[in-house]
Amino acid sequence: MRVDNVGHIRIKADQGNIVFDANVTTASDSSISIQSLQNIHQLANSTISTTAGGTIDLWSEGASILQQDSAIITTGETGSVRLLAGDSIALAAVHVGTGNVSLMTEAGSIVDSGDSHKDIVARELRVDASVGMGAGNAIDTSVDVYAGRAGSGGLHIDEDSDITVSTLDDISIQRVKSDGSTETVTDNAISDLRTSDNGSISLKTIDGTITVYDGNVPDDGVGIYAHGSGSVHLDAYGSGQDVRIKEDTDVVSDQGNIHILAEDAVLQEAGADIAVGTGGNIAVWALNGSIYMTDGTMASTKGAGNILYHAKVDVDLSRLSGEAHTTVIADSGQIRDNLEIGADRINYDAKIDPDSSRVVDSLHTTVIRNGAEYFGDFKIGLLFGETANISSSSLSMIANQGIGVLGVQDIDTDVEQIEMVNKSRNHVFVQEADSVNVFGQGLRNFNDNGDLMFSTIVDELYIDGKNIRERFPDYSTDGQKVDGYTIDGYTLQDFYLDEGIRIVNGKVHTGKEGYLYVRSSVGDWGPMNYDQLADELSRISNDEVIVANQRLDSFSQSSEGSEGSGSSSFGDVFNSESDQGAMQEHRFDAQTSDPYSPTADELKTMDFQSLVGLLNDQASSPDQQNAPEVVIEYEAETSETEVDDENSQPVEVEYELLSEDEPLEQRAEDNGVSAFLSIVNRLYGDQTLDEQTLYSIYCKDGD
């Protein structure tokens, strides 16, 4: 059938099927309506077409619309097509150029019937499928904007190029009536991709970026939702192509897995969360680029669900929250903290925050100000109490150019077990909220000049189940092998160490020239302790500012000998004649004699003021009248606090530096006490410490 001039076509069957084995065509601004109580069959090579803004409407009231492979429905470059089936739709080709397509089934699915043509070519695609679309064989599309609803069969398309999930306004066609006139039939606006009955969602591009918005029908902060155990797969392939989850848009599954992959970058804008209610895994991949989470965004799952964020380059973290295992991998780049720093915008050219400085800091040179150690504005040892970037039972982190940046861009964790490896450049700066065990690969920085800084805010730090005071240091031999391993499909290669790298409990080390700082909040400074004391001796005075050189090999090596048992007092480190001479040489103005050294038990009966009093007593000794003075600029106040048990009487200790015109000068001949006071002030500054913490710093396991 063909109508060459302006005119509408109406075909209706009240009984039986309608079968097309030839073309049905109308010209100009005309519409075609085909309606049947049974099936509508369009056989191979047949065409149903209109041009120049016409519309096409197929309606099978009680059965299916079935296109054989190579059949086409088209409106040319514009116009709309609406297919409504009481049961199912088999698609071969619906092409409308820059027009719109609306597909609906009342009881069945939408399936692909062949590959001779692209299934759908349109500007907008609206889907409302009772069961699903594309299950087992995705619908091939070339569309710009997409929104849909489905049941247990889910929504599955493979898109040629860029595609956006967003709101679709009303889509209308002109239905031809029996008298030749037309009436408008409208499918209401919808937004998002949503399923019911455990339906899954998959959206893949061949060469294009996927952009997801929360639309306004409904406006509920969710752009993609898979019901129940339904999973979500977003895969943007093609060079330079991204997955972009726009502002205040969540991607959600109740219990299923969420998998997001981009050839280049995955970008979560402000308020764009990825969430599984319980049980499902979250995996986010940037094959050749980076993953960027703006400040405040989150990926979360509960129960047995794991989280994986894996980028070829960088991973900029906001928050990852799970109850099982979390893995973060930056194969050639860094893992950085984007939380609570105002990184809430994205430069889509650079695919990072436009205000990001990308600075990488080091601890190799620090400054002493007012008795505390600083790097820039960052006070070493200060506990910020930041929100955790990563909360989970166990955590693995692998990077090539550093984990965390010194200061507020360190990585903050709240985990029970942790392993982390930095392969090549820069440093590791991580802070744990609570008790933690170092497991698996341990804490390793293979950068020769790299720092490794790891501490707990509350409670104990363990290495393979042993608290850090049970540590045993060792030194690597030349070419010593550290075995690689595979995690979440990523293989970390074997590493070979240079000679003389200090390794603690076989799992914790940094570069030979690096700064190792591993601290348990209960007061033990861990493997950093003796290097840090040696560092204290190597200070060089410069007016009111002291620059601390972070490495003094002679002291590091000599103090290791004292550590062999895993316990020692501060005074033990300075007992050798060479150490005492070095103390004089480096202006650490304590006397080399030691007429009185308090035992651990005696120290446990003293408060902080009593330690200063001890120095007074030593200074007044007749044998010490000619001893050089050491200025210890402390003012201490004590007040009783709640007693934990009958054997403990902790006190709060507040101390501050006196002004220069009010020095409290004391003579100090006990090297251990002098070193203790100096280091407490240098590392803790103006913080308030209880008595237990002070003595646990001074007394190693009661010795």
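Values in this document were obtained by computation on a predicted structure and should not be read as measured data.

Within the protein chain one finds seven helices and 69 strands. Split into buried and exposed, the 703 residues of the protein chain put 58% on the buried side. Considering only residue pairs separated by 6 or more positions, the protein chain has 59% of its internal contacts joining residues 24 or more positions apart. Total accessible area on the protein chain stands at roughly 26,700 Å², and carbon and sulfur atoms take up 42% of it.

Our next topic: the pattern of salt bridges. Any two side chains of opposite charge can pair if their charged atoms end up close together. Taken as a whole and assessed by the stated rule, the structure comprises 19 salt bridges. With a shortest N-O distance of 3.1 Å, Asp 187 and Arg 82 are connected by a salt bridge. A residue pair is termed long-range when its members are at least 10 positions apart, and Asp 187 in strand β25 (residues 182-187) and Arg 82 in strand β11 (residues 80-85) qualify at 105 residues. By relative accessible area, Asp 187 is classed as buried at 5%. Overall, the relative accessible area of 9% leaves Arg 82 in the buried class. Between Asp 220 and Arg 194 there is a salt bridge; the shortest N-O distance is 2.6 Å. With Asp 220 in the loop between β29 (210-212) and β30 (222-226) and Arg 194 in strand β27 (residues 193-195), this pair connects stretches of sequence that are 26 residues apart. We classify Asp 220 as partly exposed; its relative accessible area is 39%. Look at the salt bridges and you will find they share partners, linking Asp 242, Arg 244, Asp 264 and Lys 351 into a network.

What follows concerns unusual backbone geometry. Looking along the chain, the bond that leaves Val 217 and enters Pro 218 is cis, with omega of 5°. Relative to the elements of secondary structure, Pro 218 occurs in the loop between β29 and β30. Look at Asp 459: it is not a glycine, yet its phi comes out positive at around 75°. Note that Asp 459 resides in the loop between β52 (452-456) and β53 (461-463). The partly exposed category is assigned to Asp 459, whose relative accessible area is 38%.

Before going further, it helps to spend a moment on the packing of aromatic side chains. All chains considered together, the criterion is met by one aromatic pair. Measuring from ring centre to ring centre gives 3.9 Å for Phe 446 and Phe 495, while their planes differ by 5°; the resulting arrangement is stacked. Of this pair, Phe 446 sits in the loop between β51 (436-445) and β52 while Phe 495 sits in strand β59 (residues 495-497), and the two are 49 residues apart along the sequence. Overall, Phe 446 belongs to the buried group, its relative accessible area being 14%.

Reading the values: the criteria
- Residues numbered from 1 in each chain as written.
- Predicted model: local features only at pLDDT ≥ 70, side-chain atom pairs only at ≥ 80, totals over all residues.
- Heavy atoms only, no water.
- Helix = DSSP H or I, 4+ residues; strand = E, 2+ residues; numbered from the N terminus.
- Buried < 20%, exposed > 50% of the residue type's maximum accessible area, 1.4 Å probe, protein only.
- Contact = heavy atoms within 4.5 Å.
- Areas by Shrake-Rupley, 256 points an atom, 1.4 Å probe, with all protein chains shown as cover.
- Salt bridge = Lys/Arg side-chain N within 4 Å of Asp/Glu carboxyl O.
- Phe/Tyr/Trp six-rings, centres within 6.5 Å; stacked < 30°, edge-to-face > 60°.

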